[in-house]
Structure formats: structure tokens, C-alpha cells
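# Breakdown of the fold
The primary structure of each chain is shown beneath.
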Amino acid sequence: MLQWVKSKYPGLRYREHQTMTTGVGRSKRPIRYFTMTYKWQGKTVTEALGWEGPKLNEDQAYTIYHELKMNRKNGVRPFTLKEKDALQALEFKEEEKREQQEQIRQMSFADIFVKFLEHSKEKKKNPRSWKREEQLARLHILPVFGKTPLKKISQVPHIRTLQNNMEGKGLSPRTVRYALHVVRIVFNFAIDEGVFAGANPAREIRKRQISGKTSGIAYPQEDNTKNRYLSREEADRLMTRLADRSMEVHNIAMLSLYTGMRFGEVANLKWSDVDLIQGVIMLRNIKNGKTRPAYMTSDIKKMLSDIGPGHPDSLVFPARRSLNKPHYMISSVYYKTVKELFNEGIADKKQWVNFHTLRHTFASWLVEKGTDIYLVRDLLGHHDLKMTERYAHIGESQLKQAVMKLQNN
């Protein structure tokens, strides 16, 4: 049994290790394990100081003993070795926390963008989105303030410099807005991750904003209103050409043309939302977060009957039938076709025909037939009537022609 030996200092004792030693030659001896004993709150307390080493010898052991003894006498914590160890551990954690906070404070936009891009790749089904975000960051954003800490970006006009640089290169307002949007969502990500505190410096200042104190910047405005829609003859030509090239693309386009469905709504449409008996399609999780019905014409009902119905959980137009995944964009067959028929040689892109033109055409035809603008709004699923009022001029044109006929007569 190992024997405890009293130290040269009061209150300390030790035992020697059976095999491990310290020192060399005549000074060689077994290493010692120190404990200290004292009276506290009417009890005899023994606490282990540990094995002798670079940070603990007999003198240092007594220093600790004496320090705690004087603390108890003067009523200053820590009173015990356990308390002392706990306070040291707490101080160590606080120091780690301060170091982490300093690292966060110095985190650059490029650092957080790497994390954001990883998150974006995981969450976004459409790879075109995160690829575009990465491209805008690489070409325009990171060269301006990629190495700058987030906190400094929010304090000085780096974002305004980014906007001025892009506008100076002759880039479109749409591209500049997209880049500013990327900066904004990266800052939102940083806020969610707890690495940035405060208002988002890339927040867009709205025209209707009441307070002038709200932080943010004025985004460049773009006129992206497209009034191009198809005539009946143009629509027939398009449908005929698509049918010759791909019946699936034809059916997708036909569904949008005669129901006003957005491409995302068509791509994510399941058979459970198609009621062939009633001739109704329920569109869920649409842009404004609501569900709305779309109504089938006889041709649409026949088309859907011919290709289905399928399993309720199956997509009507899956990109890969075995995996039941949605298309993330319309087939290139569509764009090649509309380019050949309508877009070749047209310089103004606002006059180009794209997939969304089918939805515009649906609305325009309704207005031409005298459909109330409020009904058109509901059929399109617009949250704000102002979005629908772009089609009002079509109805006004019909009214004007009717009046002009009076004079002709």
C-alpha cells in the first residue's frame, strides 16, 4: 500500500509513484502526487492537486493552497480548488468565445459566400439559379469587396461602388438588380447564421417607404413589362410546329396557353390536382402562396385524358418518368421553335416570344372577349390588380374601334 508523506508545507501531503521518476543522477527521485487538506464550514476537506509536472511542484502546490486559504479568510472567491478549476474553465470558454467573435467580426464577404453557395446548391432545385449567383459574385461582387469584413461593408459605400461599376460597364438594370439581390440574400444568410448583426445594408429602399431612416439602397429600376402576345393565327402556327417536333412540349405549351398557368405550375402539376370529370385543375403553392383553380377547355380535357390519368402522386409532365422529377425549364425545342417563328431579327427583347408569352396571350384573349378585368385577375392568380391592368389597354382598343365604326357608318 502506498504511503502518504507530509510535505514541508502545512496542509500538503503527497505519495510517490512506484515507477515514474523525475530528475537525473543524484537528483533523480519518484514523481509525487499532491493533495491538500483544510477545514471549511466545519468539515475537513481534502482536494487533489495532481501529479507533479512542469506546472506543478511542491512550491507551486503550496502557493495554490495558501491562495485559497487567504481567499476563505477574506471572503473572496474561489474558496476551494473545485471552484478555482470551474472559474478557470469558465474563463477559458469566455476566451474561446471572444476569439470566435473576433473571427466572426473579421469574416469577409467571400468567406460567408462560400457557405451560402453550399447552402444554395442544397436547397435550390434549379441549378441555373445558384450558377448565376456564383457567376455574378465571381465577376462583379467579389472583386469589389470579397476580402472586406461584413461589418465594414455595412459601414462604407462598397455596395454603391458595386452598382456604379456594373452600370459603368453598360450592364442592364436587370443584371445590376440581380447582383444587388445576391448581396442582399447573402447578408440575410449571414444574419440567420449569426455571423452578422444589424440591418441588411443591401436592402432595397421601396418607393412607398415611410421612414427616411431605414437603411438600404435604391435599386436601379427596369421596365420589364412585356405586352407581346400571340394572335390566333400565330398560336396555331406555334402549336402545329411544336406538335411536329415534340408532343410533350406541345402539351405543356398548350396547357399554359389555354389556362394561363406559369411554367412552374405546369412542371409541378400532379395528377391528384387534375379533376377530369369536373374539368378543374387545382394549382397549389403558387407564387403568392395561395391555391387557385384553372379550368379546362374541351381540348385541354381531351389532351389530359389521352396522356392520363396517372398515379395521384405522379407528375403530369415529369422530366424523368422513373424518378418523377419536375422540369426546371422548358425544353430547348420550344425556344428554337419560337426563335424561328417569331424572334429572328427582333432587336427589342420585350417583343420576343418566350414561354411566359403564352400566359400573356391567355389573359389578352380573355380581355379581347370582354372578360371583366377582376375575373382575369382571379384566373391569373394575381395578388394585386395592378399586375392585371397591363391588359386593360387591349380592351380599350376594342372599345375605341367600336366607337370609330360609328363615324364610318
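Here the residue numbering is sequential within each chain, running from 1 through the sequence in written order. Where local features are concerned, this predicted model is filtered to residues with pLDDT of at least 70; where side-chain atom pairs are given and counted, the filter is 80 or more; whole-chain, interface and lining totals use all residues. With hydrogens and water excluded, all non-hydrogen atoms of the structure serve as input to the side-chain values.

### Some details on the sheet that holds strand E5 (residues 274-275)
- An order of E5-E6-E7 is seen for the three strands of this open sheet, with the pairing classed as antiparallel. With partners counted over all chains shown, the strands left at the sheet margins are E5 and strand E7 (292-295), one partner each.
- In this sheet, E7 lies alongside strand E6 (residues 280-283) in antiparallel orientation, the contact comprising four bridges. Of the residues in E7, the one forming a bridge with Val280 is Tyr295. By this definition, two strands are paired if DSSP reports at least two bridges between them. In DSSP terms, a helix is any run of H or I states spanning at least four residues, a strand is any run of E spanning at least two, and both are numbered starting from the N terminus.

### Examining the nonpolar core
- Ranked by internal contacts, the top residues of the largest apolar core, which has 37 residues, are Leu238, Leu255, Ile281, Leu304 and Tyr334.
- Two residues form a contact once any of their heavy atoms are found within 4.5 Å. Beyond its immediate sequence surroundings of up to four residues, Ile281 is in contact with Leu255, Met261, Leu269, Asp273, Arg292, Pro293, Ala294, Met296 and Leu304.
- To qualify as a nonpolar core, a set must consist of buried Ala, Val, Leu, Ile, Met, Phe, Trp, Tyr and Cys residues joined through side-chain atoms within 4.5 Å. To sort residues, take the accessible area from a 1.4 Å probe on protein chains only and compare it with the maximum for the residue type: under 20% means buried, over 50% means exposed, and anything in between is partly exposed. Among the nonpolar cores identified, the runner-up in size contains 31 residues, and Phe109, Phe116, Met166 and Ala190 belong to it.

### Topic: the pairing of strand E3 (residues 29-40)
- The pairing of strand E2 (residues 12-22) with E3 spans seven bridges and is antiparallel. Counted as the bridge partner of Leu12 is Met36 from E3.
- Relative to strand E4 (residues 43-51), E3 runs antiparallel, the two being bridged by eight bridges. Counted as the bridge partner of Tyr38 is Val45 from E4.
- Where E3 folds back on E4, the antiparallel hairpin that results is connected by two residues, among which Gln41 adopts a positive phi of roughly 55 degrees.

### Observations concerning the packing of helix H8 (residues 232-245) against helix H9 (residues 247-259)
- In the contact formed by H8 and H9, the axes pass within 6 Å of each other and the chain directions differ by 150 degrees. When the axis of H8 is compared with that of H9, the two are roughly antiparallel. Every residue of H9 that contacts H8 at Ala235, Met239, Leu242, Ala243 and Arg245 is listed here: Met247, Val249, His250, Ala253, Met254 and Leu257.
- Its residues assigned to classes, the contact of H8 with H9 comprises nine nonpolar, one polar and one charged. Axis definition: a line fit to C-alpha positions, over the contact stretch in the case of helices; interaxial angles, taken between N-to-C directions, run 0 to 180 degrees. Roughly parallel means an angle under 35 degrees; roughly antiparallel, over 145; roughly perpendicular, 65 to 115; everything else is oblique. Lys, Arg, Asp and Glu make up the charged group, whereas Ala, Val, Leu, Ile, Met, Phe, Trp, Tyr, Cys and Pro make up the nonpolar group; the residues left over, Gly among them, are polar.

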